[in-house]
Amino acid sequence: MRELYDIYATVRIGECTYQFADKIDTDDFSARIERDGERIRLIVEPLATGYFDTLAITARADIGKADRVFLNGYQSWTDSREYETNEKMTGIDHIPKALVRKYNFDKYGDYNFVSYSDRAGDFHGFTYGYIRQGDELSLVGSLNERDGFTLIRVLSSDNEVSFEKDCEGKLYSGEFTALDIALLGGSEEQVFDRFFELSGIKCCEAKPLKGYTSWYRHYQDISEDKLLHDLEGIVEAGGMDIFQIDDGYQKGVGDWLKIDSSKFPHGMKYVSDKIHEQGLLSGLWLAPFVVEKNSYIFRHR
């Protein structure tokens, strides 16, 4: 595990911000950092029932230029991948507002409540992530997400890693564990198996699958010709198990059985058969409980 050092906690209540490296006692709360070989915790005890504005741990870590950084996205629409340490995470500020409204980009991901820096090497995600050095991973992962998601930031240029609990609107009383972070090192299989074990999750005995989804390449602008072109490239590159057709095949959001024949003149089975012919599993995205006002089902049902 890549060693974390210069560790300190930040606790903020209203206008008062406290930072400490070991423990602290104030008129409002007491708190301490606990560290063992695999975990680091922030334990807080308010002296009276109340709210906290910030509960965070920050540390230093030596991050090399050749390392790769992965941080789990907020939801399935979030672009989650390994970054080179000199890359930038992009939000939606660069997308024309007309396209944002058309495709509802601001309704996906964390764009409305997490700031996206224009600084190279400033990455963020939720719950877990890792820094990869070759085949070795240093994984950090929250073990107490039931009380609120944990925002993880990595500032590679500053060799800094931070963990912040979403505590907005939560009323605290009595001693509680604000943050409980696993710190694990090893191969990909080793660190994730151990993370699941510490989380109380039984690992599934299943073959890992890799796949393609049309969403991150085309969003809703898909067609039979585009997908078959992508299928050809996927087969040529090799290594994939699933080819998923995402949003955009239907006439309207909610009309999942009404196929847009101008995009798919031969129907969906035709494309699915082409996928199967290449030895891949075909997938189809839908959201059965989502409809838009211009859909047939909304207007007639």
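Cut-offs applied
- Residues numbered from 1 in each chain as written.
- Predicted model: local features only at pLDDT ≥ 70, side-chain atom pairs only at ≥ 80, totals over all residues.
- Heavy atoms only, no water.
- Patch = residues over 30% accessible without salt bridge, like charges linked within 9 Å, V, L, I, M, F, W, Y side chains within 5 Å.
- Areas by Shrake-Rupley, 256 points an atom, 1.4 Å probe, with all protein chains shown as cover.
- Salt bridge = Lys/Arg side-chain N within 4 Å of Asp/Glu carboxyl O.
- Lys, Arg positive; Asp, Glu negative; His and termini not counted.
- Charge placed at Lys NZ, Arg CZ, Asp CG, Glu CD.
- Helix = DSSP H or I, 4+ residues; strand = E, 2+ residues; numbered from the N terminus.
- Pairing = 2+ DSSP bridges.
- Axes fitted to C-alpha atoms, helices over the stretch in contact; angles between N-to-C directions.
- Core = buried A, V, L, I, M, F, W, Y, C linked by side-chain atoms within 4.5 Å.
- Buried < 20%, exposed > 50% of the residue type's maximum accessible area, 1.4 Å probe, protein only.
- Contact = heavy atoms within 4.5 Å.
- Expected span 1.5 Å × (residues − 1).
- Arc of directions from axis to C-beta.

Caption draft 1: A negative patch on the surface, seen in detail. Together, Glu-15, Asp-53, Glu-164, Asp-166 and Glu-168 line one region of the surface with negative charge. Its location among the elements puts Asp-166 in the loop between strand E13 (160–165) and strand E14 (176–186).

Caption draft 2: Examining the sheet that holds strand E12 (residues 150–155) more closely. Taken together, the six strands give an open sheet; going across it, the order is E2-E1-E6-E13-E12-E9, and neighbouring strands pair in antiparallel fashion. In this open sheet, the two strands that pair with only one neighbour each are strand E2 (16–20) and strand E9 (122–126). Within the sheet, the average angular offset between the axes of one strand and its neighbour, ignoring direction, is 20 degrees. Of the pairings in the sheet, the one linking E9 to E12 comprises five bridges and is antiparallel in character. Bridge pairing links Phe-126 to Leu-151 in E12.

Caption draft 3: Examining the nonpolar core more closely. The biggest cluster of nonpolar side chains holds 36 residues, and the ones touching the most others in it are Phe-20, Leu-42, Val-44, Phe-52, Leu-55 and Phe-163. Residue assignment for this core shows that the elements contributing at least two residues are strand E1 (4–13), strand E4 (29–35), strand E5 (39–46), strand E6 (54–61), strand E7 (68–71), E12, E13 and E14. No other element matches the five residues that E14 contributes to this core. The residues touching Val-44, leaving out its near neighbours within four places in the chain, are Phe-29, Ser-30, Ala-31, Phe-52, Leu-55, Gly-174, Glu-175, Phe-176 and Ala-178. Listed in part, the 16 residues of the second largest apolar core include Leu-231, Ile-234, Phe-243 and Tyr-249.

Caption draft 4: Main features of the environment of Gly-211. Residue placement: Gly-211 occurs in strand E15 (residues 211–213). Here the alpha-carbon distance between Gly-211 and Thr-90, two residues 121 residues apart in the chain, equals 23 Å. Look past the residues within four positions of Gly-211 in its chain and what remains in contact with it is Met-240 and Ile-242.

Caption draft 5: Up close: helix H4 (residues 224–237). For H4, spanning 14 residues, the distance from its first C-alpha to its last is 20 Å, which sits close to the expected 20 Å at 1.5 Å a residue. Listed in full, the buried residues belonging to H4 are Glu-224, Leu-227, Asp-230, Leu-231 and Ile-234. Axial view of H4: buried residues confined to an arc of 130 degrees, hence all on one face. Among the exposed residues of H4, those oriented more than 90 degrees off its buried face are Asp-225, His-229, Glu-232 and Glu-236. Here the buried face of H4 lies against E15, helix H3 (215–218), strand E16 (242–245) and helix H5 (268–277). Looking one or two residues past H4, Gly-238 carries a phi angle of roughly 75 degrees, positive in sign.

Caption draft 6: Up close: helix H2 (residues 188–198). Buried within H2 we find Val-191, Phe-192, Phe-195 and Leu-198. Axial view of H2: buried residues confined to an arc of 125 degrees, hence all on one face. Opposite the packed face of H2, turned more than 90 degrees from it, sit the exposed residues Glu-189 and Glu-197. Packed against the buried residues of H2 are E5, strand E10 (128–133), strand E11 (136–142) and E14. Note on H2: the residue one or two positions beyond its end, Gly-200, has a positive phi of about 75 degrees.

Caption draft 7: Unusual backbone geometry, seen in detail. A positive phi angle, close to 75 degrees, is found at Thr-127, a residue other than glycine. Judged by relative accessible area, Thr-127 falls into the buried class, the value being 16%. Positive phi, close to 50 degrees, is recorded for Tyr-219, a residue that is not glycine. Along the chain, the position of Tyr-219 falls in the loop between H3 and H4.

Interpretation in functional terms is not warranted from these geometric data alone.
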